[in-house]
Structures are given as structure tokens and as C-alpha cells.
Amino acid sequence: MPLADDKSGAPNNRELYALLHISPEATDEEIRKAYRQWAQIYHPDKYQAPHMKEIATENFQRICEAYEILCDQNKRQIYDIYGMEGLTSGLELGPKLNKVEEIKEELERLRRQKEQEKVLAHVQPSGSILANLSWPQFLEGDGIMRGMAMASEVHSKMSKHNAISLGGNLAVNGNSGGGAASVVLRHQMSSVSSVEFMGSLGLRALIGIQTSRQLSLHSTATMGFAMSLRDGSINLSNTWTRQLSETTNGNIELILGPESSIGVGWQKKEQKSAASGEIKIGTGSFGAVGHYTHRFSSKSHGRIAGRVGSSGLELEVGGGRKISNFTTIRMLYTIGLQGIFWKFELHRGGQKLIVPILLSNHLNPVFASGALVIPASLYFTLKKFIFKPYYLRREKQKFLENLEKTRDQVREARAAAEKAQQLLQNVANRKRNKQLEMGGLVVTKAVYGNRKALTTRNRPEENVDEVASQIIDVTLPLNFLIDESGQLKLHDGVKKSGIMGFCDPCPGEPKQLYVEYTYGGNKYEAIVDDYEEFIMPQERHKI
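Residues numbered from 1 in each chain as written. Predicted model: local features only at pLDDT ≥ 70, side-chain atom pairs only at ≥ 80, totals over all residues. Heavy atoms only, no water.

- The name an unreviewed UniProt entry gives the protein chain is Chaperone dnaJ 13, with Olea europaea subsp. europaea as the organism.
- Recorded in UniProt for the protein chain, the comment headed Subcellular location (unreviewed entry) runs: "Membrane". (UniProt positions renumbered as here; feature names shortened; annotations may be inferred.)

A short note on the overall build of the protein chain
At step 1: When its secondary structure is counted, the protein chain shows eleven helices and 23 strands.
At step 2: Counting every position in the protein chain, which comprises 543 residues, the buried fraction comes to 34%.
At step 3: Residue pairs in contact within the protein chain that sit at least 24 positions apart in sequence constitute 43% of those at least 6 positions apart.
At step 4: Working note: accessible area of the protein chain is about 32,200 Å², and carbon and sulfur atoms make up 56% of it. (Helix = DSSP H or I, 4+ residues; strand = E, 2+ residues; numbered from the N terminus. Buried < 20%, exposed > 50% of the residue type's maximum accessible area, 1.4 Å probe, protein only. Contact = heavy atoms within 4.5 Å. Areas by Shrake-Rupley, 256 points an atom, 1.4 Å probe, with all protein chains shown as cover.)

Considerations on the nonpolar core
At step 1: Grouped together as the largest cluster of nonpolar side chains are 58 residues, with contacts concentrated most on Leu20, Trp38, Tyr42, Leu478, Leu513 and Val515.
At step 2: Of all hydrophobic cores here, the second largest spans eight residues; its members include Leu133, Ile357, Ala368 and Ala371. (Core = buried A, V, L, I, M, F, W, Y, C linked by side-chain atoms within 4.5 Å.)

Here we look at the side chain of Asn450
At step 1: Among the structural elements, Asn450 can be located in strand S18 (residues 442–450).
At step 2: Among the residues examined, Asn450 registers a relative accessible area of 4% and is labelled buried.
At step 3: Excluding residues within four positions of it along the chain, Asn450 makes contact with Phe399, Gln470, Ile471, Cys506, Glu509, Pro510 and Lys511.

Regarding the pattern of salt bridges
At step 1: Summed over all chains, the structure comprises 17 salt bridges.
At step 2: The closest approach of N and O atoms between Glu316 and Lys343, which form a salt bridge, is 3.5 Å. Here Glu316, found in strand S14 (residues 312–322), pairs with Lys343, found in strand S16 (residues 339–348); they are 27 residues apart in sequence, far enough to count as distant.
At step 3: You can call Lys343 partly exposed: its relative accessible area is 22%. (Salt bridge = Lys/Arg side-chain N within 4 Å of Asp/Glu carboxyl O.)

Brief notes about the sheet that holds S18
At step 1: Reading across the sheet, the four strands line up as S19-S18-S21-S22 and stay open at both edges, with antiparallel pairing between neighbours. Each end of this open sheet is capped by a strand with a single partner; those strands are strand S19 (471–473) and strand S22 (522–529). Going across the sheet, the axis of each strand differs from the next one's by a mean of 15°, ignoring polarity.
At step 2: Where S18 and S19 come together, three bridges link them in antiparallel fashion. Bridging from a neighbouring strand, Tyr448 pairs with Ile472 of S19. (Pairing = 2+ DSSP bridges. Axes fitted to C-alpha atoms, helices over the stretch in contact; angles between N-to-C directions.)

Some details on the pairing of S14
At step 1: The pairing of strand S13 (residues 300–309) with S14 spans ten bridges and is antiparallel. Bridging across to S14, Val308 finds its partner in Leu313.
At step 2: Counted along the chain from S13 to the antiparallel partner S14, the turn is two residues long.
At step 3: Examined bridge by bridge, S14 and strand S15 (residues 327–336) share nine bridges and lie antiparallel to one another. The partner of Gly318 across the bridge, within S15, is Leu332.
At step 4: Hairpin connection of S14 to S15: four residues between the antiparallel strands.

Points about the confidence of the model for the protein chain
At step 1: For the protein chain, the mean per-residue pLDDT works out to 87, and 90% of the residues sit at or above 70.
At step 2: When pLDDT is averaged over each element of the protein chain, strand S9 (residues 248–256) comes out on top at 97 and helix H5 (residues 100–120) at the bottom at 63.
At step 3: A low-confidence stretch, residues 1–12 (pLDDT under 50), is modelled with 38 contacts involving residues beyond four sequence positions or located in other chains.
At step 4: This model gives residues 92–98 a pLDDT under 50, and the stretch forms ten contacts once residues within four places in sequence are excluded. (pLDDT = per-residue confidence, 0-100.)

A look at unusual backbone geometry
At step 1: Geometrically, the link from Met536 to Pro537 is a cis peptide bond, its omega value of 10° lying close to zero.
At step 2: Inspection of the secondary structure puts Pro537 in the segment after strand S23 (534–536).
At step 3: Positive phi, normally seen in glycine, also occurs at His21, with a value near 55°.
At step 4: Inspection of the secondary structure puts His21 in the loop between helix H1 (15–20) and helix H2 (28–42).

Things to note about a negative patch on the surface
At step 1: Together, Glu25, Asp492, Asp529 and Glu532 line one region of the surface with negative charge.
At step 2: Here Glu532 shows up in the loop between S22 and S23. (Patch = residues over 30% accessible without salt bridge, like charges linked within 9 Å, V, L, I, M, F, W, Y side chains within 5 Å. Lys, Arg positive; Asp, Glu negative; His and termini not counted. Charge placed at Lys NZ, Arg CZ, Asp CG, Glu CD.)

A look at the state of the cysteines
At step 1: The tally for this structure, following the rule as stated, stands at zero disulfides.
At step 2: The cysteine Cys503 is free of any disulfide, with Cys506 supplying the nearest cysteine sulfur at 9.0 Å. (Disulfide = S-S within 2.5 Å.)

Some thoughts on the packing of aromatic side chains
At step 1: One pass over the full model with this rule turns up ten aromatic pairs.
At step 2: Measuring from centroid to centroid gives 6.2 Å for Tyr17 and Tyr79, while their planes differ by 45°, and the two rings are tilted. Separated by 62 residues along the polypeptide, Tyr17 in helix H1 and Tyr79 in helix H4 (residues 73–87) bring together distant segments of the chain. Note on accessibility: Tyr17 and Tyr79 belong to one class, buried. (Phe/Tyr/Trp six-rings, centres within 6.5 Å; stacked < 30°, edge-to-face > 60°.)

Details of a nonpolar patch on the surface
At step 1: Side chains of Ile129, Trp135, Phe138, Leu139, Ile144, Met145, Met148, Met150, Leu170, Ile329, Leu346 and Leu353 sit close together on the surface and give an oily, nonpolar patch of about 1,100 Å² of accessible area.
At step 2: Broken down by secondary-structure element, the contributors of at least two residues to the nonpolar patch are helix H6 (135–139) and strand S2 (145–157).
At step 3: Considering the arrangement of structural elements, one finds Leu353 in strand S17 (residues 351–360).

Remarks on the packing of helix H3 (residues 50–70) against helix H8 (residues 407–438)
At step 1: Taken N-terminus to C-terminus, the directions of H3 and H8 make an angle of 110°; their axes are 10 Å apart at the nearest point. Taken together, the axes of H3 and H8 lie roughly perpendicular to each other. Where H3 approaches H8, its residues His51, Met52, Ile55, Ala56, Glu58 and Asn59 are matched on the opposing element by Ala416, Lys419, Ala420, Gln422 and Leu423.
At step 2: Among the residues making up the contact of H3 with H8, the classes are represented as six nonpolar, three polar and two charged. (Parallel < 35°, antiparallel > 145°, perpendicular 65-115°, else oblique. Nonpolar A, V, L, I, M, F, W, Y, C, P; charged D, E, K, R; others polar.)

Focus: the environment of Lys523
At step 1: Tracing the backbone shows Lys523 in strand S22.
At step 2: Judged by relative accessible area, which is 60%, Lys523 ranks as exposed.
At step 3: When the C-alpha atoms of Lys523 and Thr444 are compared, they prove to be 9.5 Å apart, with 79 residues separating the residues in sequence.
At step 4: Beyond its immediate chain neighbours, meaning those up to four positions away, Lys523 contacts Tyr517, Thr518, Lys542 and Ile543.

What to know about the environment of Val192
At step 1: One can find Val192 in the loop between strand S4 (176–188) and strand S5 (193–202).
At step 2: The spacing of Val192 and Gln214 is 22 residues in sequence and 5.0 Å in space, taken between C-alpha atoms.

See the structure below:
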């Protein structure tokens, strides 16, 4: 029996497809065929024993409900977009909305309306504090603070097409300082174009306008005009951005004014890594920058960056860790012509605290090596003996709280899955015996559940009862699903807990399916993610 879906961004309107064991792209004929097959298994008239008839009636009703929704084009359209919630939200399916296009349009209108209401009630603040510290200056008795800067911005949606941003910044360096205030008004002219009006007062007093337009599906152009209120100088800017691949963008920027320049850059972002680079040549300067970030896990990452040009030479290495849903800490080591630095960063929501510490003005090799090795060693020591044990305890506590919260729900779901398996048992055993005689596909072991539990289930130090509570044996349902040709396919984008005889043993946790099977006298093994397509037999599964 399906439970609440994981909050992982995966599709969640597919349980009825899993129930009938069909693809989300199944045709009407495929839906009818699947319904007839399942109806033969679960029809109450096939069973004489009262408890079996009761089980069959319960599951037959689920099959009929799924068929009723998926064979109706209008209901299926609503279900595909919004799931069962869309079907129970009170939308009229009569004369007012009798076409798929009209239903989809009405649902999209309601969705946009809800999103608009949410955005209108939401103001997005952001800000940063930069504190420059100097160890050499402190040793000379001049104080440790070299300078400080603060910046803040508030972005608010005024209407569907209009937004405003108000910002300001203050900076102090030694005995001098300054500040500025800015306002940006953005208007969305159409789905492909927008215009921004901006103005600022203070050290960089100016007014300007900038317009952007999407030229094609993969390219965008931006043009800007800005005039200084101090000396009347004018800056013109043009930027062209193009998507080079699914994960890569490139851009060219041309600036004409007192400090004219041309720049070429690219950005690449993948699931576990991100990289970018830029080369910029101006009338009075030139430079090249690049950085690479690699995610070691969902919580930690490493970073390396470099900069070379007329303004200096610099190399930066370091890493960071996510300590909560909204908070990330980062430590970086920088060495360059300006000296040797440590940089500490704290990111929480839209707020940042950045503390660069100048360690030395001189590039002494021994000092530079120590400044890199000592904090790195300290971090890994603290991580092993303090941070990691703490996080493991906290994660286990959260898991136990969720386990207690969903205990009754999971118990009911397991009971429903066991009942469904009872009705599948005779057919599954016949199919299994037939495949054994032919040397065909036979599932010898299959378990579904918590990803971590599947990984650690064979470790002797693991609590057997705790692991068992997070997984469910699905050997029988998979043997039942093997078709006449001796193959089995679980469809892409369909959560496996919705399959007959399955259930979700750990709501809110990432899940996988582990399978051991034999085919042609050989042994095979495979593990697959919850929403991933799974086909067997396959040669790559061979042990």
C-alpha cells in the first residue's frame, strides 16, 4: 500500500501506474489489458475462504479505482499533473471542463494563482558581512581589524510582472569609508523579455537601464546602459549567453566606456561537480579566473580556484560542509602575491559572514606549507572524532523519531502488502516452477527499502531487527511479474512501493530495490533506485 512520498523531488503522481504495472505512457489498450490481468487475480468470486475473499475484495477495489481513473482521459490528465489531490479538489469535470486542453489550462491557472499568492506574500532578504583581519598588523600593535564591509538587499514581488530590489552597502578600510544605496525595478514584458531600471546614490552614483530577451530556446541576449551621476561618463554593455549542452553554458560580454573590456566565460554544472572560467581583456587590465567544485557527498564539497592577471596572481583551495538544511560552513586557504590568507565563511539562508585573515605578507615556503597542512589536519581530526559521531547520532535520532511517527502507518501498509502477496502466491509459484524447468528467469531474493539498511544489512555489528524494520521481502511479487517471455520490467519514473505486494517500509527515507536472480544456470545481482527503470535479465548483472 503506497504511503506518503519521499521529499526528493521525484515524480509522485505514479502510484496507480505502479499498481497496474504499466508505464506512465501506456496506451488505453495497455491499460485495459493490465486491468483484465489483475482482475483475474483479485476478483472476489475466485475465492471461497472468507478471509481470502475479504483480501481479494479490498485489492480488487484498488484495481478498479486505478482503472476507472486511468481509462478516463480527463481524469488521467488531472492525475498526471496533480495526482489524487487534483481529483479530489472539487474541479468540475462536466460541461464546463469537457476537454483535456481545458482541464489542463484550468489546472495551470489555479497553480499559477497559488504560486502568485505565495510569491506576493514572500519577501526575500539577503546580505553579507565581510571582516578583514590581519595577523601581522596585530603583532605590530596596530589592532587586528584591517577593514569591514556590509551589504544588504531585499527583493520583493510587487505583482505578477513587477519586482523591486532595495539594497545598500557600507565599507570601512583604515581611516576611510563610504557607502551606497541602490534600487532596481524589474518588469517582465513577456515570457521571453524583461527590462530593469536601476539607480544608486553614494560612491557609485548612477542611473541605468537593462533589457534581456531570450533569442531562442538556448540563447539569451542582454543590453545595458548606465550613466554616472558624478562625471557623466557612459557605459554600454552587451552580453550573449548560450546553452552549449545540458550542463554547460557559455557567455560573451562586451563593455564600452571609460574602462572598456571584452570577456569570454563558461559554466558547467553537473550532479557532483561544477566548474567555471573567464578570460577578460580591458583597455587597462587583463585577467583570467577559474574554479572547480566537487561534491564528495550531499553535505560536503571541495573547491579549488585560481586567478591570474594584471591585478595579481592567486591560488585558493579549501572545502565546506552543510551542517543543517540552511547552513553551510567553509574554510579556504589562499596564497598569492598579496600574501597568505585563511578565509572562513558562514552561509545561512541568504546571509553570509566572510572573514579573511591575512597570515603573512611574505611568501615563505615553510610558513605557506604549515598554513595549509595544520588546519587541514585539524579539520580531519575533528571530523573523525567529534563531528562525524555527532552527525551520526543526530541522524539516528531523527530516523527513530520518524520511525515512531509512522509506525502505525507502516504496520498497516505491511499488512496490506502481505495480504496482496497471499493472493499472488499460487500464480507466482507456478511461474517460478515453469521458469526453473526452462532454465529461465527466477528471482531467488529481492528486498526493497531504506538505502542505508540495504547497504549495511550483512554487517555483523548492525541491529538485525532495526534493519528488518526498514525493508520488505518482495521476492514473490517480482516472480509474479515475470512475463511469458521470461523477462521483467519495472517502469521508469514509477515509485516501486506502489507495486502490488510492495509497500513503503520507511516513509521519507531514500529507497532502493536489491535483487538476486538466476538465468540460464548463472547467478545475477542488481540494485536499483526507487524511480529508476529496471529490466532483467541483463548481462551486466552477472556475478
